[in-house]
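One-letter residues, chain by chain:
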Amino acid sequence: TKDCPNLLRQIDSFYKSKKRQTTIYITPFTRPTTLRHSLGVVQPPSFRTAWMFYQGSEPNILFPSGFVIKEVRTKKELQTFVDVFNQSYSGATPDEPYGALPKEYGTALLHSKKFHHYIGYFNNQPVAIGSLIYSKGFAGLYNLGVSPNHRKHGFGKLMSLFRVAEAIKKKNKIIFLQTEKDSV
């Protein structure tokens, strides 16, 4: 807690360098409990997006039998990643977090060199995807998706925890995730 002001300055500096507005999501569980007061927040604004941060030890992850996560290494695997991404964000089911995203977004991922992409396989079938990006001790979790037929089995949680563990292994001190209102 005594390092909180320094950590907040680091976070603010990171987002300013990306020409983004710093947003801090405060819940009743936020520690230190004085953070809201320290930031001068009387009443929280309405929720639009949230940036969540993780700073701690590597999580202990137990994969169910038949589930593995692999980093994308080939063009064929990258195409599989994009296919699962497009399934996950097609807008075809009511529980999709963002509705339909344009297929061009998924296709643009084929040309990205900054991201580390991962595919989760269950019984050798691709069911989940996620990406990581690193910058100066920070790691961002992006593109979490689970194919509609495999939701509600914990694959999204496993992909998220796996990426946190990978970021920690790569010596990133602060890990962040952005989510939007009404995302599942």
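Residues numbered from 1 in each chain as written. Predicted model: local features only at pLDDT ≥ 70, side-chain atom pairs only at ≥ 80, totals over all residues. Heavy atoms only, no water.

### Remarks on the pairing of strand β3 (residues 116-122)
- In terms of burial, β3 is largely enclosed, as 5 of its 7 residues are buried.
- Pairing of strand β2 (residues 67-71) with β3 involves 5 bridges; the strand directions are antiparallel. Of the residues in β3, the one forming a bridge with Val-68 is Tyr-121.
- Judged from the 7 bridges that link them, β3 and strand β4 (residues 125-135) form a sheet pairing that is antiparallel. Considered in β4, the bridge of Gly-120 is made with Ala-128.
- The hairpin turn running from β3 into β4, its antiparallel successor, is 2 residues long, and Asn-123 in that turn takes a positive phi close to 50 degrees. (Buried < 20%, exposed > 50% of the residue type's maximum accessible area, 1.4 Å probe, protein only. Helix = DSSP H or I, 4+ residues; strand = E, 2+ residues; numbered from the N terminus. Pairing = 2+ DSSP bridges.)

### Focus: the packing of aromatic side chains
- Inspection of the entire model under this criterion finds 7 aromatic pairs.
- For the ring pair Phe-63 and Phe-67, a centre distance of 5.3 Å and an interplane angle of 85 degrees mean the geometry is edge-to-face.
- The exposure class assigned to Phe-63 is partly exposed, which follows from its relative accessible area of 33%.
- Pairing Phe-67 with Phe-155 gives two aromatic rings, centres 4.9 Å apart and planes at 20 degrees, and the pair type is stacked. (Phe/Tyr/Trp six-rings, centres within 6.5 Å; stacked < 30°, edge-to-face > 60°.)

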